[in-house]
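Now for the letters of each chain:
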Amino acid sequence: MLIKRRAGWEMPESEATPERAFLDRRQLLATGAGLIAGAALPRSAAAGTPDPTLDLYPARRNERYALDVPLTKAEDAANYNNFYEFGMSKDIVDASQRLATRPWSIQVEGLVEKPFEIGFDDLVRRLPLEERLYRFRCVEAWAMAVPWTGIPLKSFVALAKPLSGAKYIRFETFLNPRVAPGQNQRWYPWPYVEGLTIAEATNELPLLVTGIYGKPLPTQHGAPIRLITPWKYGFKSVKSIRRISFVAERPKTFWQALQASEYGFWANVNPAVPHPRWSQASEQVLGSRERRPTLIYNGYGDQVAGLYKGLEGEALFM
Ligand SMILES: Nc1nc2c(c(=O)[nH]1)N[C@H]1C(S)=C(S)[C@@H](COP(=O)(O)O)O[C@H]1N2
Ligand SMILES: [Mo]
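Residues numbered from 1 in each chain as written. Chains lettered and ligands numbered in written order. Predicted model: local features only at pLDDT ≥ 70, side-chain atom pairs only at ≥ 80, totals over all residues. Heavy atoms only, no water.

Trainee: An account of the packing of aromatic side chains is needed here, citing residue identities and associated values.
Mentor: In the structure shown here, the tally under the stated rule is 23 aromatic pairs. Judged by centre distance (5.6 Å) and plane angle (65°), the rings of Tyr84 and Trp255 are edge-to-face. Placement of the pair is Tyr84 in the loop between α4 (74–78) and α5 (93–96) and Trp255 in helix α9 (residues 254–259), with a sequence separation of 171 residues. Residue Trp255 is classed as buried on the basis of its relative accessible area, which comes to 0%. (Phe/Tyr/Trp six-rings, centres within 6.5 Å; stacked < 30°, edge-to-face > 60°. Helix = DSSP H or I, 4+ residues; strand = E, 2+ residues; numbered from the N terminus. Buried < 20%, exposed > 50% of the residue type's maximum accessible area, 1.4 Å probe, protein only.)

Trainee: Give a description of the site of ligand 1 that names residues and reports values.
Mentor: As a matter of local geometry, ligand 1 sits amid 19 residues, with Tyr84, Glu85, His221, Ser237 and Lys239 nearest to it. Take Tyr84: an N or O atom from its main chain is 2.8 Å from an oxygen atom of ligand 1. Note that an oxygen atom of ligand 1 is positioned 2.7 Å from one of the side-chain N or O atoms of His221. About the coverage of ligand 1: the protein hides 100% of its 530 Å² of free accessible area. For the shell around ligand 1, a count of residues per class yields nine nonpolar, six polar and four charged. (Near = heavy atom within 4 Å. Polar contact = N/O pair within 3.5 Å; in protein donor to acceptor, adjacent residues only side chain to side chain. Areas by Shrake-Rupley, 256 points an atom, 1.4 Å probe, with all protein chains shown as cover. Nonpolar A, V, L, I, M, F, W, Y, C, P; charged D, E, K, R; others polar.)

Trainee: Can you explain the pattern of salt bridges? Please cite residues and give values.
Mentor: As enumerated under the stated definition, the model contains 19 salt bridges in all. With a shortest N-O distance of 3.0 Å, Glu109 and Arg243 are connected by a salt bridge. Of this pair, Glu109 sits in strand β1 (residues 105–110) while Arg243 sits in strand β10 (residues 241–247), and the two are 134 residues apart along the sequence. (Salt bridge = Lys/Arg side-chain N within 4 Å of Asp/Glu carboxyl O.)

Trainee: Which residues make up the environment of Lys252, and what values do they have?
Mentor: Counting through the fold element by element, Lys252 comes out in the loop between β10 and α9. Separated by 13 residues in sequence, Lys252 and Phe265 have C-alpha atoms that sit 7.9 Å apart. Once you skip the residues sitting within four places of it in the chain, Lys252 turns out to touch Val193 and Ala257. (Contact = heavy atoms within 4.5 Å.)

Trainee: Give me the lowdown on the pairing of strand β3 (residues 130–137), citing residues and values where you can.
Mentor: The two faces of a sheet get side chains in turn, since along a regular strand they alternate between them. Of all the eight residues making up β3, eight are buried; the element is thus mostly covered by neighbouring parts of the structure. Side chains of β3 alternate between two faces, with Glu130, Arg132, Tyr134 and Phe136 and Glu131, Leu133, Arg135 and Arg137 buried alike. Summarising the sheet, β3 and strand β4 (residues 142–152) pair through eight bridges and their orientation is antiparallel. Residue pairing in the sheet places Tyr134 in a bridge with Val146 of β4. Linking β3 back to β4 in an antiparallel pair, the connection comprises four residues, with Ala141 at a positive phi of about 75°. (Pairing = 2+ DSSP bridges.)

Trainee: A description of the sheet that holds strand β2 (residues 116–119) should follow, citing residues and the corresponding values.
Mentor: Ordered by their spatial adjacency, five strands build an open sheet running β2-β1-β10-β5-β6, and the pairing between neighbours is mixed. If you trace the sheet from one side to the other, it starts and ends with β2 and β6 (193–197), each paired once. Between one strand axis and the next, the sheet turns by 20° as a mean value, whatever way the strands run. Relative to β10, helix α7 (residues 153–160) is tilted by about 65°, and along the sheet it contacts β1, β2, β5 (168–173), β6 and β10. (Axes fitted to C-alpha atoms, helices over the stretch in contact; angles between N-to-C directions.)

Trainee: Account for the UniProt feature "binding site: Mo-molybdopterin" (unreviewed entry) in the protein chain, with residues named and values stated.
Mentor: As annotated by UniProt and renumbered to match this structure, "binding site: Mo-molybdopterin" (unreviewed entry) occupies Asn81, Tyr84, Glu85, Cys138, Thr173, Arg226, Ser237, Val238 and Lys239. If you trace the backbone, Glu85 turns up in the loop between α4 and α5. Here Arg226 lies in strand β9 (residues 226–228). A relative accessible area of 3% places Arg226 in the buried class. (UniProt positions renumbered as here; feature names shortened; annotations may be inferred.)

Trainee: Give me the environment of Phe171: which residues, what numbers.
Mentor: Along the polypeptide, Phe171 turns up in strand β5. Under the relative-accessibility criterion, Phe171 is labelled buried at 0%. Taking C-alpha positions, Phe171 is 7.7 Å from Arg242, a pair spaced 71 residues apart along the chain. In contact with Phe171, other than residues within four places in its own chain, are Leu153, Tyr192, Val193, Glu194, Gly195, Leu196, Leu208, Leu227, Val238, Ile241, Arg243 and Ile244.

Trainee: Describe unusual backbone geometry, listing the residues and the values that go with them.
Mentor: With the exception of glycine, the majority of residues adopt a negative phi angle, and the majority of peptide bonds are in the trans configuration. The omega angle of the peptide bond from Tyr57 to Pro58 is -10°, so this bond is cis rather than trans. With respect to the secondary-structure elements, Pro58 resides in the loop between α3 (33–37) and α4. Note the cis peptide between Ala223 and Pro224, where omega equals -5°. In this structure, Pro224 sits in the loop between β8 (215–216) and β9. Despite not being glycine, Ala267 has its phi angle at roughly 50°, a positive value.

This is the structure in structure tokens:
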């Protein structure tokens, strides 16, 4: 058992990881062997070589996205992560370094004019990067605010040229149980999958994020490329994306497959709709002892509320 020293503000992990708490019994019953199976493998060969995209940072800041809350310290954000591929705790920084983020390519497929594969290093030079300050809210009721760098998803959708039959966009994380010990835990529906409607994906807010705090994304944040949807609970913000598919049917997401009664497709932030196991009325600020009220759509109602007109009958907030 790893004992990690906690900063004063940190929540005990027993309180901070309710996202998966319903699984604990199943986990106890299964063997922990999968978790250590890959532990002796060497770190990625790419570790230590300079990042080929360094010259793109820091990217121009888009001042349209300002914050009314303080920025989280880089160090706090970088050491308190959810990335279940690398373990069930918040302390996955070291484990995640084993993911080789080069070479990295993204498969673009499904209902598009012409499916293609694009290298990550080509993609970041094809579409302009910008920096935005965004709030971030995990369904577990902790929150932060960080400067992300990325490509507006809207520009990526334009590059992919979806056909009219495409109604949803599906994102898939890498699948490699040899480097990601969590993926040996067979009761999880790997690979991690998330999705948005095309209307959501072409809204101004979603970013395909490649950097944070003016630098390329560290592995624990989902290098080399992950989604950020700031008005939705954090589990929608899928990390280390390998495949993007344009599809006609609503994709079945990782968390829905695990526990549909607790985690839905829409997952928009709403203080008035509690999670079945805890309240969403307030949020713990990462790096501080402060709790503050949760905001509807995490404060982004002006930009996104219109997306949900006519969908009031759906479970928009879970
Ligand atoms: N592939 C993958 N993506 C993921 C997760 C994960 O376990 N695997 N966790 C999600 C959850 S629950 C949260 S809160 C955010 C955390 O992002 P951060 O570690 O960069 O703060 O990543 C999301 N994306
Ligand atoms: Mo989360």
